[in-house]
Amino acid sequence: MNFELNEDQVAFADMARAFAQNELEPHAAEWDQTSFFPVDVIRKAGELGFCSLYAPESVGGLGLSRLDASIIFEQLSMGCTSTTAYLTIHNMVTWMLADFGTPEAVEQWGARLATGELLGSYCLTEPNSGSDAASLKTTAKRDGDHYVLTGSKMFISGAGSTDFLVVMARTGGEGASGVSAFAVDAKSDGISYGRKEEKMGWNSQPTRMITFEDVRVPANHLLGNEGDGFKIAMKGLDGGRINIATCSIGTAQQAINKAREYMRERKQFGKHLAEFQALQFRLADMVTELVAARQLVRMAATKLDAGHADAPTYCAMAKRFATDVGFKVCDEALQLYGGNGYIKEYPMERYVRDTRVHRILEGTNEIMRLIISRRVLADGATEL
């Protein structure tokens, strides 16, 4: 059991840190303020392999482990939480296509998604299907050499600005076994996009509803087999939970870094804030909880890489703990800034806004608790 990063992982982290400092952090506040989706910067990230970290080399991906990807995403999120979160989604859909797509679908999109030339979105959530994802109503009916998609998806990151969609739709009966997954051209006839949502955070990526009206999708764009969609979605979300937990950790780490600098510079009552024991203790607790969260996330990533039977449970635990801790640490860091933390001249309020949604998406933290408790209370359950 070795908690130290190896030479390759240190190099990955250094490269990601440099990109975050040079390409993300200087612009993050402006992107947030203007709700700007930095497509050109995302494509620069693609040139370094950041758009296909764990996609296989056969499609142009780096073929890294989920642990390696987590180390990279942590550094990127220190520059811009929202943009890095989109990159994690793009990585997920690129991996889904590469792992489950037909040769024809992979040929059409794989290499260009891997480089970031094309951008992707993940379409699972619906207006009446959030946490109860298996109850989705969007349908895909076979019609000769095509499927015809009808329905709607909501809260879709990148929607309206991306080129490729992974869409979950019902091809069979009710429940999870009736769901299939499809690779869909985002510019297909019959697809329309709703207004860009005005959000609390994550403003450097657009979020829209997508409506499918008799959208014809070639049959060879089915991912896996009919009925595999929910399994594919859950496999994607295991990794997605590690990714979003990692974004919380990276943002919280940056909040601590900024707060530490502020405490050394700011004076009250004739002393630097760093000299007050009450604030020293608060900072100590913030760092301790963050380190614990980071190690749990990396443990979950290692379990997922190893194909461990309990990997989904560990991913749920890591997501629940790290996103709660990440938000708490950002909020505590804002408190250390006092009134300055509440104004946009400083990044603290943005860190708080951007990390809040992490406790909701990729499965709410309440659903994470459900996953964990079911495993613990199962008949014959062993210790985790």
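Residues numbered from 1 in each chain as written. Predicted model: local features only at pLDDT ≥ 70, side-chain atom pairs only at ≥ 80, totals over all residues. Heavy atoms only, no water.

1. Some points on helix α1 (residues 7-34)
Given a rise of 1.5 Å per residue, 28 residues ought to cover 40 Å, and the 39 Å separating the end C-alpha atoms of α1 matches this to within 8%. The largest bend in α1 comes to about 50 degrees, at Ala28. Three or more residues of α1 are buried, namely Gln9, Phe12, Ala13, Ala16, Phe19, Ala20, Leu24, Ala28, Trp31 and Asp32. On its buried face, α1 is in contact with α2 (39-47), α3 (66-77), α4 (81-100) and α9 (348-356). The backbone nitrogen of Asp8 has a side-chain oxygen 3.1 Å away, supplied by the residue at the start of α1, namely Asn6. One or two residues past the end of α1 sits Ser35, with phi positive at roughly 55 degrees. (Helix = DSSP H or I, 4+ residues; strand = E, 2+ residues; numbered from the N terminus. Expected span 1.5 Å × (residues − 1). Bend = angle between axes of the 7 residues up to and from the residue. Buried < 20%, exposed > 50% of the residue type's maximum accessible area, 1.4 Å probe, protein only. Contact = heavy atoms within 4.5 Å. Polar contact = N/O pair within 3.5 Å; in protein donor to acceptor, adjacent residues only side chain to side chain.)

2. Some thoughts on unusual backbone geometry
Notably, Asp214 is not glycine yet its phi reads approximately 50 degrees, a positive angle. Residue position: Asp214 is located in strand β7 (residues 207-218). Located in the positive-phi region is Phe269, a residue other than glycine, with phi close to 55 degrees. Relative to the assigned elements, Phe269 resides in the loop between β9 (267-268) and β10 (271-272). Assessed through its relative accessible area of 78%, Phe269 is described here as exposed.

3. A word on a nonpolar patch on the surface
Together, Val376, Leu377 and Leu384 make up an exposed nonpolar region whose accessible area comes to about 300 Å². Relative to the helices and strands, Leu377 is located in helix α10 (residues 365-377). Among the residues examined, Leu377 registers a relative accessible area of 69% and is labelled exposed. (Patch = residues over 30% accessible without salt bridge, like charges linked within 9 Å, V, L, I, M, F, W, Y side chains within 5 Å. Areas by Shrake-Rupley, 256 points an atom, 1.4 Å probe, with all protein chains shown as cover. Salt bridge = Lys/Arg side-chain N within 4 Å of Asp/Glu carboxyl O.)

4. Some details on the nonpolar core
The biggest cluster of nonpolar side chains holds 61 residues, and the ones touching the most others in it are Leu76, Leu97, Tyr122 and Met168. Where this core is concerned, the elements lending two or more residues are α1, α2, α3, α4, α5 (103-115), β4 (164-170), β5 (179-185) and α6 (229-265). Per element, the largest residue contribution to this core is eleven residues, and it comes from α4. Among all residues touching Leu76, those that are not within four sequence positions of it are Ala16, Phe19, Ala20, Leu24, Phe50, Thr84 and Leu87. The next biggest cluster of nonpolar side chains, apart from the first, holds 41 residues, and it includes Leu290, Tyr314, Ala316 and Cys330. (Core = buried A, V, L, I, M, F, W, Y, C linked by side-chain atoms within 4.5 Å.)

5. Some thoughts on α4
Between its first and last C-alpha atoms α4 spans 29 Å; for 20 residues at 1.5 Å apiece the expected length is 28 Å, and the two agree. The buried fraction of α4 is high, at 19 of 20 residues.

6. A short note on the pairing of β5
Where burial is concerned, most of β5 is hidden: six out of the seven residues are buried. Here β4 runs beside β5; their pairing, made up of seven bridges, is antiparallel. The partner of Val167 across the bridge, within β5, is Phe182. Pairing of β5 with strand β8 (residues 222-223) involves two bridges; the strand directions are antiparallel. Across the sheet, the residue bridging to Ala181 is Leu223, located in β8. (Pairing = 2+ DSSP bridges.)

7. As for the packing of helix α8 (residues 311-337) against α10
Interaxial distance between α8 and α10 falls to 9 Å at its minimum, and their mutual angle equals 140 degrees. Relative to α10, the element α8 lies oblique. Here α8 and α10 pass one another in a crossing that is left-handed. Contacts between α8 and α10 involve Pro312, Thr313, Ala316, Met317, Lys319, Arg320, Thr323 and Asp324 from the first element and Asn365, Met368, Arg369, Ile371, Ile372 and Arg375 from the second. A class-by-class count of the residues in the contact of α8 with α10 yields six nonpolar, three polar and five charged. (Axes fitted to C-alpha atoms, helices over the stretch in contact; angles between N-to-C directions. Parallel < 35°, antiparallel > 145°, perpendicular 65-115°, else oblique. Left-handed = near helix turned anticlockwise from the far one by under 90°. Nonpolar A, V, L, I, M, F, W, Y, C, P; charged D, E, K, R; others polar.)

8. Quick word on the pattern of salt bridges
Counting across every chain of the model gives 19 salt bridges. Salt-bridge contacts for Glu23 lead to Lys44; the nearest nitrogen and oxygen are separated by 3.5 Å. Separated by 21 residues along the polypeptide, Glu23 in helix α1 and Lys44 in helix α2 bring together distant segments of the chain. Ionic pairing is found between Glu25 and Lys258, a salt bridge with its closest N-O pair at 3.1 Å. On the criterion of sequence distance, the pair formed by Glu25 in helix α1 and Lys258 in helix α6 is long-range, its members being 233 residues apart. Because the salt bridges share partners, they merge into one network encompassing Asp32, Lys344, Glu349 and Arg353.

9. Considerations on the pairing of β7
Bridge count for strand β3 (residues 146-157) against β7 is nine bridges, and the pairing is antiparallel. Residue pairing for β7: Tyr147 is matched across the bridge by Val217. Where strand β6 (residues 191-193) and β7 come together, three bridges link them in antiparallel fashion. Looking at β7, one finds that Tyr193 is bridged to Ile210.

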